[in-house]
There are 2 protein chains.
Amino acid sequence: MASFEEAETEETVTCLHMMFYHPFQQEKQVFRHLNFYKREQLRADEVAKFGRDGNICHYILVDARVSRIQFSLQLFRKLSGSELCFEIKNTSKRTKLTVNNLELGYLNKIDLPLKCMVGFGDYQILMHVQEGESVDFFETFLELSQVSLLQEQYLPSLQPISEHGISPLFYSQAINPVEKPVEMDENEL
Amino acid sequence: MASFEEAETEETVTCLHMMFYHPFQQEKQVFRHLNFYKREQLRADEVAKFGRDGNICHYILVDARVSRIQFSLQLFRKLSGSELCFEIKNTSKRTKLTVNNLELGYLNKIDLPLKCMVGFGDYQILMHVQEGESVDFFETFLELSQVSLLQEQYLPSLQPISEHGISPLFYSQAINPVEKPVEMDENEL
């Protein structure tokens, strides 16, 4: 084994933070198969799938209204540079997926903004990408919010979507701001 | 069971035709795990993976020089319309993937032109998409060529790549044209 002095310089790893909220998360326990507050590592060539079918999805949502595969995320590198980005794709025929205010239909996909609100049905997921160097792996870190994420405090720093000629759309559904949830780290804002 | 009169109107299915060539395909039998001349159906949300690792890849290349996953293809629908397209992604750290004349590095991806030449190492794959209506499935159809595909006859109808601001690059490596391979159907050209 290489000594500390000889070991390869440790790389930072791109981490996708996701804060989840569903209005009936207590009663329905829809998130009971998600591992919150634990970094999980995936290979860079893996597609992260979210949905009802545990045979296919790594991130399982226990809800009959959720599609077998609801949406998926893949890491890629832009042709124009070396930076790592995520792409999100709606794989549900029944439900639209919103990324900030943009609606994605079935099999539509888009580059994920560094910070954005993703929604489908009653589900709200606040995503933000912490950029890293490794091209071998990426990580996910899931948090749970006790309050709705449709609040002003989450909104000012949301990025517009301007990739591929789509006009910038800001997330603007500001609803009564309430207290900051206890799970939220100040560094996340 | 519904009668013929009552049955749903049959949909056409998007089919990705792929003609393979490797200079040592006879000696090395690198394609021995591919099912040639047989339509295979995949779910629209499946990622078609090509590479050495049979545990992950549906399309296996038996060659120590090929990466675990060499490249992958996914079906998607453009935001601007309802048409179905493929995206190709290079998942090999060692080898560049060329799509017509454009080089893709590791984790680079691009929309697949309707007709194009894909290459990596000594491998040549002439791909063309036969468009269909179904959003549930797509098909693949693999053929084997006995002669190199780097010939003039394949080139005139190749599409330039002009997606996302990349300047059009035509495939122009015309090498001694030879006779049309027997496997090639006239409709393919």
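Here the structure is shown first, and the text comes after it.
Residues numbered from 1 in each chain as written. Chains lettered and ligands numbered in written order. Predicted model: local features only at pLDDT ≥ 70, side-chain atom pairs only at ≥ 80, totals over all residues. Heavy atoms only, no water.

**Regarding the interface of chain B and chain A**
Here's step 1: The interface is formed by 29 residues belonging to chain B together with 29 residues belonging to chain A.
Here's step 2: Across the interface of chain B and chain A, roughly 2500 Å² is buried in total on both sides, 51% from carbon and sulfur atoms.
Here's step 3: At the boundary of chain B and chain A, one finds six salt bridges.
Here's step 4: Its salt-bridge partner being Asp136 of chain B, residue Lys93 of chain A comes within 2.5 Å of it at the nearest N-O pair.
Here's step 5: In this assembly, chain B and chain A are joined by 20 residue pairs in polar contact (both at pLDDT 80 or more).
Here's step 6: Within the residue set of the side of chain B that touches chain A, elements represented by two or more residues are strand 5 (71-77), strand 6 (84-90), strand 8 (102-104) and strand 9 (109-111) of chain B.
Here's step 7: Examining the composition of the side of chain B that touches chain A, we find that four residues originate from one element, strand 5 of chain B, more than from any other.
Here's step 8: For the side of chain B that touches chain A, the residue count by class is 14 nonpolar, four polar and eleven charged. (Contact = heavy atoms within 4.5 Å. Buried area = accessible area lost by both parts, 1.4 Å probe. Salt bridge = Lys/Arg side-chain N within 4 Å of Asp/Glu carboxyl O. Polar contact = N/O pair within 3.5 Å; in protein donor to acceptor, adjacent residues only side chain to side chain. Helix = DSSP H or I, 4+ residues; strand = E, 2+ residues; numbered from the N terminus. Nonpolar A, V, L, I, M, F, W, Y, C, P; charged D, E, K, R; others polar.)

**Section: the sheet that holds strand 2 (residues 40-43) of chain B**
Adjacent strands of a sheet pair through backbone hydrogen bonds, lying either parallel or antiparallel.
Residues and elements named next belong to chain B.
Here's step 1: Sheet architecture is open: seven strands sit in the order 2-12-1-11-10-7-8, paired in mixed fashion. The sheet terminates laterally at strand 2 and strand 8, the two strands that pair on one side only. Within the sheet, the average angular offset between the axes of one strand and its neighbour, ignoring direction, is 25°.
Here's step 2: With three bridges joining them, strand 7 (residues 97-99) and strand 8 adopt antiparallel strand pairing. Counted as the bridge partner of Thr98 is Glu103 from strand 8. (Pairing = 2+ DSSP bridges. Axes fitted to C-alpha atoms, helices over the stretch in contact; angles between N-to-C directions.)

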